[in-house]
Protein chains: 2
Amino acid sequence: MRILQAIMKKFAVIVAGGSGQRMNSAVPKQFMLLQGKPLVWHAINAFLSAYEDLQVILVLPAVHLQAAEKIRRSFLAEETRIFPVAGGESRFQSVKNGLALVTDPSIVFVHDGVRCLVTPDLITRCYTQALEKGSAIPAVRATDSIRIITADSHRVADRNDVRIIQTPQTFQSQLLLPAFDREYDESFTDEATVVEAAGHRVWLIEGEHENLKITRPADLLIAETILQERSSLQ
Amino acid sequence: MRILQAIMKKFAVIVAGGSGQRMNSAVPKQFMLLQGKPLVWHAINAFLSAYEDLQVILVLPAVHLQAAEKIRRSFLAEETRIFPVAGGESRFQSVKNGLALVTDPSIVFVHDGVRCLVTPDLITRCYTQALEKGSAIPAVRATDSIRIITADSHRVADRNDVRIIQTPQTFQSQLLLPAFDREYDESFTDEATVVEAAGHRVWLIEGEHENLKITRPADLLIAETILQERSSLQ
């Protein structure tokens, strides 16, 4: 097992393609600064820190490839582990473009670039489970009650049955690559749904409540606070 | 309509009954400090600020009635608008104890004491809708994908159909009081489910993403950050 882990290649496809619409900002959110570094820098850094032999495939709009290059160089000696790639029209196409650089057999993490608070601990737990079961989809329980909208009203969902899904969604390449070898379908809302459509079951794993997706201006403040707290604990 | 609003009595039943288990703290979370004031102080303050003629019924464990008295007096001239009440075994029983002080006809807000970031804006919107439709249940859309656990696996939910439920859950007293005049049932996870069990439809209203339920230590930091941001904008 230890030998298998050592030889198993690791790729993190980090998708940083948002438009920043909900942030009311001219700067796309993946480039907004957190502790003086772009959001996506923090995500890349977590993956590079988790495994020395992991390679990051950074997918972002073609228009931002220069910005990506700058971020890549800021990692100095580690810059050779980062590969910027132009994304596509959809999340599905962007991930597919990133996967073109992945080689078999490997473990592939697909991660939202704006989930900048992901920890090496979650990354290594996902890796281990994906190695054992084929996949690891981080999920947390809901703190609040959840309702489901129905045709004419809405109904309460059993909170015990609800899971909030995060990334990195992690897979063995032998499952993930063939699953993406198809046309886009609107049911593909994340990588788990693509792999399920290919006929595979996906396995959840306990996520982290702090593994937020930075979506609104308040989220940026929240992330700054959490990062400061983490630094002060070190 | 204006006259109706003026004469309609308003009660906020604020339930502050948590044990603080998930906060790893000896101090129950409703009393943890945020900008130097207990969490529940901020919730009370939002309701007192929203309407001059609103009365707060503060429900908390009997063992904390002295702490409640101290919080009440800290509101100085407004202290006569706050009524501490001992809670019961369950959320349902605690709310029921609080409702004993409510008089008909009125609009009743039932609020989690640890949702200390609630704004007077949300409170007044809930009031208006409850007056018009009978109820107002604040709800926000999910930022993340949601999965529902099934008997042997789990399936993705359509994110457009998922709503995260908040408080204040707001009702006309003529709906709420009779609905609580029954025995506890384990399906009563909030006030909306109690009113539905009495045969009424409840109406959602747009909530606020910042209207967090303070559950974990990180949430307290987040709330502190958001409150600081709000003060700096004033």
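Residues numbered from 1 in each chain as written. Chains lettered and ligands numbered in written order. Predicted model: local features only at pLDDT ≥ 70, side-chain atom pairs only at ≥ 80, totals over all residues. Heavy atoms only, no water.

Draft legend 1. Region of interest: the relation of the copies chain A and chain B. Mapping chain A onto chain B calls for a screw motion: a turn of 180° about the axis and a shift of 0.0 Å along it, with 0.0 Å RMSD after fitting. Overall, the copies show the geometry of a two-fold rotation axis. For chain A, the minimum C-alpha distance to the rotation axis belongs to Ile222 of chain A and amounts to 2.6 Å. A high fraction, 100%, of the interface residues of chain A reappear at the interface in chain B, so the copies pair face to face through one surface. (Least-squares fit on C-alpha atoms with pLDDT ≥ 70 in both. Contact = heavy atoms within 4.5 Å.)

Draft legend 2. Region of the structure containing the packing of aromatic side chains. Summed over all chains, the structure comprises 14 aromatic pairs over all chains. Judged by centre distance (5.4 Å) and plane angle (65°), the rings of Phe47 of chain A and Phe109 of chain A are edge-to-face. Note that Phe47 of chain A is positioned in helix 2 (residues 39–50) and Phe109 of chain A in strand 6 (residues 106–112), a separation of 62 residues in sequence. Across this residue pair, the class does not change: Phe47 of chain A and Phe109 of chain A are buried. For the pair Trp41 of chain B and Phe75 of chain B, a centre-to-centre distance of 5.3 Å together with 10° between the ring planes defines the contact as stacked. In this pair, Trp41 of chain B is assigned in helix 2 (residues 39–50) and Phe75 of chain B in the loop between helix 3 (65–74) and strand 5 (82–86), connecting sequence segments 34 residues apart. We note that Trp41 of chain B, like Phe75 of chain B, is buried. Three or more aromatic residues joined by ring pairs form one cluster here, namely Phe92, Phe180, Tyr184 and Phe188 of chain A. The ring centre of Tyr51 of chain A lies 5.0 Å from the NZ or CZ of Lys10 of chain A, which sits over that ring. (Phe/Tyr/Trp six-rings, centres within 6.5 Å; stacked < 30°, edge-to-face > 60°. Helix = DSSP H or I, 4+ residues; strand = E, 2+ residues; numbered from the N terminus. Buried < 20%, exposed > 50% of the residue type's maximum accessible area, 1.4 Å probe, protein only. Lys NZ or Arg CZ within 6 Å of the ring centre and 35° of its normal.)

Draft legend 3. Structural view of the side chain of Thr215 of chain A. Looking at where Thr215 of chain A falls in the secondary structure, it is placed in the loop between strand 12 (204–206) and helix 8 (217–233). Within polar-contact distance, the side chain of Thr215 of chain A engages the backbone oxygen of Lys213 of chain A at 3.0 Å. (Polar contact = N/O pair within 3.5 Å; in protein donor to acceptor, adjacent residues only side chain to side chain.)

Draft legend 4. Structural view of the pairing of strand 1 (residues 9–15) of chain B. Residue and element names in this part refer to chain B. Burial within strand 1 is extensive, with 6 of its 7 residues counted as buried. Two elements, strand 1 and strand 6 (residues 106–112), share 7 bridges in a ladder whose sense is parallel. Paired with Ala12 across the strands is Phe109, a residue of strand 6. Bridge count for strand 1 against strand 4 (residues 54–60) is 6 bridges, and the pairing is parallel. Bridge pairing in strand 4 places Val15 opposite Val59. (Pairing = 2+ DSSP bridges.)

Draft legend 5. Inspection of the confidence of the model for chain A at higher detail. With 94% of its residues at a pLDDT of at least 70, chain A reaches an overall mean of 91. Overall fold confidence for the complex sits at a pTM of 0.87, while the interface term, ipTM, reaches 0.89. (pLDDT = per-residue confidence, 0-100.)

Draft legend 6. Region of the structure containing helix 3 of chain B. All names here are of chain B. Within helix 3, burial applies to Ala68, Ile71 and Arg72. All buried residues of helix 3 lie within an arc of 105° about the axis, which places them on one face of the element. In helix 3, the exposed positions angled more than 90 degrees off the buried face are occupied by Gln66 and Lys70. One or two positions beyond helix 3, positive phi appears at Leu76, with a value near 50°. (Arc of directions from axis to C-beta.)

Draft legend 7. Quick look at the pairing of strand 11 (residues 169–172) of chain A. Examined bridge by bridge, strand 6 of chain A and strand 11 of chain A share 4 bridges and lie antiparallel to one another. Each residue of the ladder has a partner; that of Val110 of chain A, found in strand 11 of chain A, is Gln169 of chain A.

Draft legend 8. Expanded view of the interface of chain A and chain B. Between chain A and chain B, the residue contacts involve 38 residues of the former and 38 residues of the latter. Across the pair Glu196 of chain A and Arg147 of chain B runs a salt bridge whose closest N-O atoms are separated by 2.8 Å. Run the count over chain A and chain B and you get 21 residue pairs in polar contact (both at pLDDT 80 or more). Put simply, the parts of the chain that give the side of chain A that touches chain B at least two residues each are strand 8 (146–149), strand 9 (154–156), strand 10 (162–165), helix 7 (191–197) and helix 8 of chain A. At 6 residues, the largest contribution of residues to the side of chain A that touches chain B is made by helix 8 of chain A. Of the residues that constitute the side of chain A that touches chain B, the class distribution is 14 nonpolar, 10 polar and 14 charged. Summarising the sheet, strand 10 of chain A and strand 8 (residues 146–149) of chain B pair through 3 bridges and their orientation is antiparallel. Bridged to Ile164 of chain A within strand 8 of chain B is Ile146 of chain B. (Salt bridge = Lys/Arg side-chain N within 4 Å of Asp/Glu carboxyl O. Nonpolar A, V, L, I, M, F, W, Y, C, P; charged D, E, K, R; others polar.)

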